[in-house]
Amino acid sequence: MANTTLFLLCDLQSIFRTAIHEYHHVVATTNKMLKFAKLFEYPVIVTTQNAKALGPIDPQVDLASLGILHRQTIDKTLFSMFIPEIQALVSELGTKTVVLMGIESHICILQTALELLSQSSICKISEVYVVADAVSSCNAFEVPIALDAMRHAGVKVLTSESIGFLLMRDASLPSFREFARIVKESKGSTKAAGEALLQRTSL
């Protein structure tokens, strides 16, 4: 992964706290991924779903720490995040790799991932990753079905730690010390999120 990587965070709004399966684990993993984005200087684009009715992004999501790397929060009514405003930003940034996280796995995340793949020849995106421990749905049974569908379509479904190490690439780089600190600091929450969100039988 090079500096053509973009993080997309989908609809992690406060109103969904009590509805989404293991919501707090999704937030914890998202915040770890945002630390990686800051370390590697990757831009982050956020969406809300109909914010007028459903409200803003959960303040527990630490977007403020990103500074200018938080490029924009864009409201939408489509389920897919790949709306014209984001298409324009993807083109402007020269994005080749997208890392997806948020909710819901079987609706907005699935539709976004599939649309990114279907438009790859136009928007020049070569890889789409979904952070398996940073996505969820209201009904837990929906998640593995959606992840399997995305995997079969060509999406790379990996854990936050796997993606983090792909971003890091080389332990000899100066940034590795800070990277290792983030991994160590989040060890407990990573384990808890994985056990809560990912210990399911794959189809």
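Up top you'll find the structure we're talking about.
A brief structural summary. (Residues numbered from 1 in each chain as written. Predicted model: local features only at pLDDT ≥ 70, side-chain atom pairs only at ≥ 80, totals over all residues. Heavy atoms only, no water.)

**Considerations on the sheet that holds strand 5 (residues 127–136)**
The sheet built from six strands is open, its strands ordered 3-2-1-4-5-6 with parallel pairing. The open sheet terminates on both sides in strands that have one partner only, identified here as strand 3 (70–76) and strand 6 (156–158). For this sheet, the mean inter-axis angle between neighbouring strands, taken without regard to orientation, is 20°. Two strands pair when backbone bridges link them, and strand 2 (residues 44–49) and strand 3 are joined in this way by six bridges, in the parallel orientation. Its bridge partner being in strand 3, Q49 is matched across the sheet by K76. Of the strands in this sheet, strand 1 (5–10), strand 2, strand 3, strand 4 (97–103) and strand 5 touch helix 4 (residues 105–118), which is tilted by about 165° from strand 4. (Pairing = 2+ DSSP bridges. Helix = DSSP H or I, 4+ residues; strand = E, 2+ residues; numbered from the N terminus. Axes fitted to C-alpha atoms, helices over the stretch in contact; angles between N-to-C directions. Contact = heavy atoms within 4.5 Å.)

**Topic: the environment of P56**
Relative to the assigned elements, P56 resides in the loop between helix 2 (51–54) and strand 3. Residue classification places P56 among the exposed positions, given a relative accessible area of 56%. Counting along the chain gives 43 residues from P56 to Q13, while the straight-line C-alpha distance between them is 5.6 Å. What P56 contacts, discounting residues up to four positions off in sequence, is Q13, S14 and T48. (Buried < 20%, exposed > 50% of the residue type's maximum accessible area, 1.4 Å probe, protein only.)

**Looking at unusual backbone geometry**
Note that the residue after I103, namely E104, is joined by a cis bond; omega there is -15°. Inspection of the secondary structure puts E104 in the loop between strand 4 and helix 4. You will see that N50, though not glycine, has its phi angle at about 50°, which is positive. Along the chain, N50 turns up in the loop between strand 2 and helix 2. Despite not being glycine, R169 has its phi angle at roughly 75°, a positive value.

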